[in-house]
Structures are given as structure tokens and as C-alpha cells.
Amino acid sequence: MEDLFQKISDCVEFGKINKAAPYPPNMKDQDGADELTIQALEQGASAKDVLSKGLIIGMEKVGIKFRENKVFVPQVLMSAKAMNTAMEHLKPLFAKGNKDKKGVFIIGTVAGDLHDIGKNLVSMIVEGNGYEVIDLGTDVPAKKFLDTINEFPDAIIGLSSLLTTTMVSMENIVQEIKSAYPNQKVTIGGAPITQDFCDKIGADNYSPDPQGVVEFMNKLKKSA
């Protein structure tokens, strides 16, 4: 079974969705994440083990490669698609009560900003590492974050901004979240964002890449 988990991890790492998929070329005509997940479940693996021993390990590797500029956005998207294809087989089993998510992550691009590629990459990699992701989309006002936190009080919040003109919006949202929920953990990111800005506005974490968000959340979970 361990060999099967390794193959599933490899499929996610390299973006092999299913047997019919031509990408990557060196895995052509091989079973992909789709078929291998079915095989693992048919052989008695639990959904939790397929997730933790196969899919999550693959996504962690992709996240680290992305941080180190060894892979780029298209590769991450292919890996995420392979992950999501496999997850379709696991979701019904999780719905029956086997689901063991690490926590909830609420993410959105701040009000005034319509960019979503960075946010989407973070969402994919965080979800791939075992968290439930609630994606509020783009141009998200403080009230929407606050309303969602009210529904999921233990969630970690992620704010994204690509425009320097919306950094003020990010600052205001952080302040409103901290005012209403002083203990809420907020992580921020985006092209113009820096650690100095994070310190200035009172956010809890800044990361220039998705894997840093995962590491921040994992640390919080361990210390809880």
C-alpha cells in the first residue's frame, strides 16, 4: 500500500491527472491520481490515509518547489487539478464522517482588488495540505470577513492584495478583524506586501509564498 501512496504523491507532485492525460510526457499512458486513488480505496485504504500519505505529501512538495522557483504557476495548476480529481473520490467518504481536516482557512482578495491568481494558488496549496478552505473571492469588504468569522470562529484568515492602492484596504480590514476578534489570526500576502507592512498593521504573519502560509497554520495547530 505504501508504494501506491507514493505513486499518488508523485502524480500530484508532477501533475498527472489520469491515464488519458498526456502531461507530464514522461508519465504518458501511466495511471494518474484518478485511477490510483480508486485502486487504493478498493484495496482497503482509508480516505484519510490517501489524503495524508499521498495527496498532501505531493502538494507539500509542489509548494516547496514553487517557493524555490523550481516550478511555476502552470505546474501548480496541474498539480492542483490532479489533487482535486483524486479528492472527488474521497469527498463522499469524508461526508460520512471520516473527514479529519486540520482546520478552517478563510481567504479573500481585499476590497478594491480584483486579482485572484495568488489567492487561488494559496487556496489550492492550503487545501492540499489538509485544511478546509472558504474562498470569499475578490473585492471582499471587511464585513464579509467578519460575517464569515462569526460562522467559523476558529478559522485562520488570509488576506491577499496585488495593488499598492489596496494596501490601505488591507490595513483597514486587519484592524476591523482585530477590533471585533482580538485573538483571530490573520496572515497576509501579495506582490506589494512586506514583513514591515505586516508588522505595521498588526497582522500575525506575512508570507511571500503559499507554503509559508501552510507552515504558519501548521505551527498554530501544533501550539494549540
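Residues numbered from 1 in each chain as written. Predicted model: local features only at pLDDT ≥ 70, side-chain atom pairs only at ≥ 80, totals over all residues. Heavy atoms only, no water.

An unreviewed UniProt entry lists the protein chain under the name B12-binding domain-containing protein, from Namhaeicola litoreus.

(A) Layout of the overall build of the protein chain. A count of helical and extended segments in the protein chain gives nine helices and five strands. Written out in order from the N terminus, the α and β elements of the protein chain read α-α-α-α-β-α-β-α-β-α-β-α-β-α. Whereas a compact globule of 224 residues would reach a radius of gyration of roughly 17 Å, the protein chain reaches 18 Å, a difference of no more than 12%. With 224 residues in all, the protein chain has 48% of them scored as buried. The long-range fraction of contacts in the protein chain, counting pairs at least 24 apart against all pairs at least 6 apart in sequence, stands at 69%. Carbon together with sulfur atoms contributes 53% to the accessible area of the protein chain, which is approximately 10800 Å² in total. Looking at the protein chain, you have 25 positive and 30 negative side-chain charges, and the mean spots of the two groups are 3 Å apart. (Helix = DSSP H or I, 4+ residues; strand = E, 2+ residues; numbered from the N terminus. Rg over C-alpha atoms; globule rule 2.2 N^0.38 Å. Buried < 20%, exposed > 50% of the residue type's maximum accessible area, 1.4 Å probe, protein only. Contact = heavy atoms within 4.5 Å. Areas by Shrake-Rupley, 256 points an atom, 1.4 Å probe, with all protein chains shown as cover. Lys, Arg positive; Asp, Glu negative; His and termini not counted. Charge placed at Lys NZ, Arg CZ, Asp CG, Glu CD.)

(B) Broad picture of the packing of helix H3 (residues 47-67) against helix H9 (residues 210-223). With their axes 8 Å apart at the nearest point, H3 and H9 run at an angle of 125 degrees to one another. One element, H3, and the other, H9, form an angle in the oblique class. Facing Met59, Glu60, Gly63, Ile64, Phe66 and Arg67 of H3, the residues of H9 in contact are Pro210, Gln211, Gly212 and Glu215. A breakdown of the residues in the contact of H3 with H9 according to their chemical character gives four nonpolar, three polar and three charged. (Axes fitted to C-alpha atoms, helices over the stretch in contact; angles between N-to-C directions. Parallel < 35°, antiparallel > 145°, perpendicular 65-115°, else oblique. Nonpolar A, V, L, I, M, F, W, Y, C, P; charged D, E, K, R; others polar.)

(C) Just the nonpolar core, in detail. Membership of the largest hydrophobic core comes to 40 residues, with the highest contact counts inside it found for Val50, Leu51, Leu55, Leu90, Phe105, Val126 and Met217. Where this core is concerned, the elements lending two or more residues are helix H1 (2-14), helix H2 (33-42), H3, helix H4 (73-98), strand E1 (104-109), helix H5 (117-128) and H9. With eight residues, H3 is the single largest residue contributor to this core. Beyond its immediate chain neighbours, meaning those up to four positions away, Leu55 contacts Ile8, Val12, Val50, Met83, Ala86, Met87, Leu90 and Gly128. Residues Val104, Phe145, Met167 and Ile193 belong to the second largest nonpolar core, which totals 26 residues. (Core = buried A, V, L, I, M, F, W, Y, C linked by side-chain atoms within 4.5 Å.)

(D) Just the packing of H1 against H2, in detail. At a minimum axis separation of 9 Å, H1 and H2 run at an interaxial angle of 155 degrees. What the angle tells us is that H1 and H2 run roughly antiparallel. H1 and H2 meet at a crossing whose hand is left-handed. Along its contact with H1, which presents Leu4, Lys7, Ile8 and Cys11, the element H2 presents Ala33, Leu36, Thr37, Gln39 and Ala40. Taken together, the residues that form the contact of H1 with H2 break down as six nonpolar, two polar and one charged. (Left-handed = near helix turned anticlockwise from the far one by under 90°.)

(E) Layout of H1. Here H1 spans 18 Å end to end across 13 residues, near enough to the 18 Å set by a 1.5 Å rise per residue. Of the positions making up H1, those classed as buried are Leu4, Phe5, Ile8, Ser9, Cys11, Val12 and Glu13. Positive backbone phi, at 80 degrees, marks Gly15, one or two positions downstream of H1. (Expected span 1.5 Å × (residues − 1).)

(F) Quick look at the sheet that holds strand E5 (residues 205-206). A sheet is described by the order of its strands in space; here five strands give the open sequence E2-E1-E3-E4-E5, paired in parallel fashion. With one partner strand each, in any of the chains shown, strand E2 (132-135) and E5 form the two edges of the open sheet. Bridge analysis of strand E4 (residues 186-189) against E5 gives two bridges, and the strand direction is parallel. When the bridges of E5 are listed, Thr187 appears paired with Asn205. Seen against the sheet, helix H6 (residues 142-151) touches E1, E2 and strand E3 (156-160) and runs at an angle of roughly 170 degrees to E1. (Pairing = 2+ DSSP bridges.)

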